[in-house]
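# Remarks on the overall topology
So the chains spell out like this:
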Amino acid sequence: MKRFLKHIYGSGILFFYYAKWPIFLGLPALYYGADYQNNPIMNAVWIFCLVLIIKDLITFV
């Protein structure tokens, strides 16, 4: 079980490392440009990506 959780954790890190910018920039474009319906789960993912981007900026500076 512990190995499985480590695998899921590592997959999440890799996913959000590469997907945070497309999600952060793409979701507002979908809402306002493509008339995408409001989705609370995607809103939560967008906020999580925003937090990760702020963390990266603080770490970078």
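Below or above, wherever it landed, is the structure these notes cover. These figures come from a predicted structure and were not determined experimentally.

Throughout the structure, instances matching the rule amount to six aromatic pairs. Ring geometry for phenylalanine 15 and phenylalanine 16: centres 5.1 Å apart, planes at 80°, overall edge-to-face. Both rings, one in tyrosine 17 and one in tyrosine 18, keep their centres 4.9 Å apart while their planes meet at 90°; by these two values the pair is edge-to-face. Tyrosine 17 gets classed as exposed once you look at its relative accessible area, which sits at 54%. Three or more aromatic residues joined by ring pairs form one cluster here, namely Phe15, Phe16 and Phe48.

Below, the discussion takes up the pattern of salt bridges. Taken as a whole and judged by the stated rule, the model has two salt bridges. With a closest N to O distance of 2.2 Å, lysine 20 and aspartate 56 form a salt bridge. One end of the pair, lysine 20, is in helix H1 (residues 2–33); the other, aspartate 56, is in helix H2 (residues 40–60), with 36 residues separating them in the sequence. Between lysine 55 and aspartate 56 there is a salt bridge, with the nearest N and O atoms lying 3.3 Å from each other. Under the relative-accessibility criterion, lysine 55 is labelled partly exposed at 45%. A relative accessible area of 28% places aspartate 56 in the partly exposed class. By sharing partners, the salt bridges in this structure join Lys20, Lys55 and Asp56 into a single network.

The rules behind each value
Residues numbered from 1 in each chain as written. Predicted model: local features only at pLDDT ≥ 70, side-chain atom pairs only at ≥ 80, totals over all residues. Heavy atoms only, no water. Phe/Tyr/Trp six-rings, centres within 6.5 Å; stacked < 30°, edge-to-face > 60°. Buried < 20%, exposed > 50% of the residue type's maximum accessible area, 1.4 Å probe, protein only. Salt bridge = Lys/Arg side-chain N within 4 Å of Asp/Glu carboxyl O. Helix = DSSP H or I, 4+ residues; strand = E, 2+ residues; numbered from the N terminus.

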